[in-house]
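Geometric and topological summary
Residues per chain, in single letters:
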Amino acid sequence: LVDDTGHVLSDDEALLAFVSLVAGHAPGRSIALPLSATSHADDLADERDVGILRTKLSNAALMQAAARPDVVFGASTEGGYILPSFLPAFDGAAAMVKLLELLAMDGVALSKVVEALPAVHVVHETVVTPWEQKGTVMRTLVELSKDREVDLIDGVKVHHDGGWALALPDPEEPVTHIWAEGASGGEARRLAQEYARRIRQLLR
């Protein structure tokens, strides 16, 4: 996506722009997003009385959630968008048409929507993890996080003050993925590196 000033939107900016626009016309409904999507989406949706339905990171899980009757929109973190009223699957052309419709309905330029979005600081790291130790790593992370809010929808997502960290074993490679979000890029990197360090210690 490129806005009216020539700015190429990042995947995070595009996701939040869609959430902001869609939520303004769907009070009481839900938007489906993967567990690794920025928490700023929840804040934007809450302001407009829209719920966020978190899913596993697979495209299949997102499409399955989008098929629910209360879900009006779904998005991946990699630029894929779902409009269930048209088709409960990714469709770039339909997403572009919907974006233009929403901008016209609100009488706003895309650049103005982007200007109002919060800055997103999500980082991703990987840690080499032998296949036979992936289960142990996940169970241990749950044990170490007993004093915090934890989501087990996909992998282990641990909530921290002002951020979160998600550890998820790769289904095809001997690695564990770590995503982390913080109030700044430095905070996000620190959190991701902390969980990477914990996993490496478990593998010794």
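Reading the values: the criteria
- Residues numbered from 1 in each chain as written.
- Predicted model: local features only at pLDDT ≥ 70, side-chain atom pairs only at ≥ 80, totals over all residues.
- Heavy atoms only, no water.
- Salt bridge = Lys/Arg side-chain N within 4 Å of Asp/Glu carboxyl O.
- Helix = DSSP H or I, 4+ residues; strand = E, 2+ residues; numbered from the N terminus.
- Buried < 20%, exposed > 50% of the residue type's maximum accessible area, 1.4 Å probe, protein only.
- Arc of directions from axis to C-beta.
- Contact = heavy atoms within 4.5 Å.
- Axes fitted to C-alpha atoms, helices over the stretch in contact; angles between N-to-C directions.
- Parallel < 35°, antiparallel > 145°, perpendicular 65-115°, else oblique.
- Left-handed = near helix turned anticlockwise from the far one by under 90°.
- Nonpolar A, V, L, I, M, F, W, Y, C, P; charged D, E, K, R; others polar.

Attention shifts here to the pattern of salt bridges. Within this structure, the stated rule accounts for nine salt bridges. As a salt-bridge pair, Glu 194 and Arg 197 come within 2.5 Å of each other at their nearest N and O atoms. With Glu 194 and Arg 197 both in helix α7 (residues 185-202) and three residues apart, this pair spans about one turn of that helix. Residue classification places Glu 194 among the partly exposed positions, given a relative accessible area of 23%. Across the pair Glu 194 and Arg 198 runs a salt bridge whose closest N-O atoms are separated by 3.2 Å. Highlighted residues: Glu 194 and Arg 198, both in helix α7, separated by four residues, approximately one helical turn. One salt-bridge network, held together by shared partners, links Glu 194, Arg 197 and Arg 198.

Below, the discussion takes up unusual backbone geometry. The phi torsion of most residues other than glycine is negative, and most of the peptide bonds are trans. If you check the backbone angles, Asp 49 has positive phi at about 60 degrees while not being a glycine. Along the chain, the position of Asp 49 falls in the loop between α2 (40-47) and β2 (51-55). The exposure class assigned to Asp 49 is exposed, which follows from its relative accessible area of 55%.

On to helix α3 (residues 59-66). Structurally, the α-helix is built with 3.6 residues per turn, so residues lying three or four positions apart point the same way. Along α3, the residues classified as buried are Ala 61, Leu 62, Ala 65 and Ala 66. Viewed along the axis of α3, the buried residues span an arc of 135 degrees, placing them on a single side of the element. Turned more than 90 degrees away from the buried face of α3 sit Ala 60 and Gln 64, all of them exposed. In this structure, the buried residues of α3 make contact with β1 (30-34), β2, β3 (71-75), β4 (81-83) and β5 (87-90).

Two elements in contact, helix α1 (residues 11-23) and α2, have axes separated by 9 Å at closest approach and are oriented at 15 degrees. Between α1 and α2, the angle falls in the class roughly parallel. Seen from above, α1 lies across α2 with right-handed handedness. Contacts between α1 and α2 pair Leu 15, Leu 16, Val 19, Ser 20 and Ala 23 from the former with His 40, Ala 41, Leu 44 and Ala 45 from the latter. Tallied by class, the residues present in the contact of α1 with α2 amount to seven nonpolar, two polar and no charged.

That's the geometry; what it means functionally is another story.
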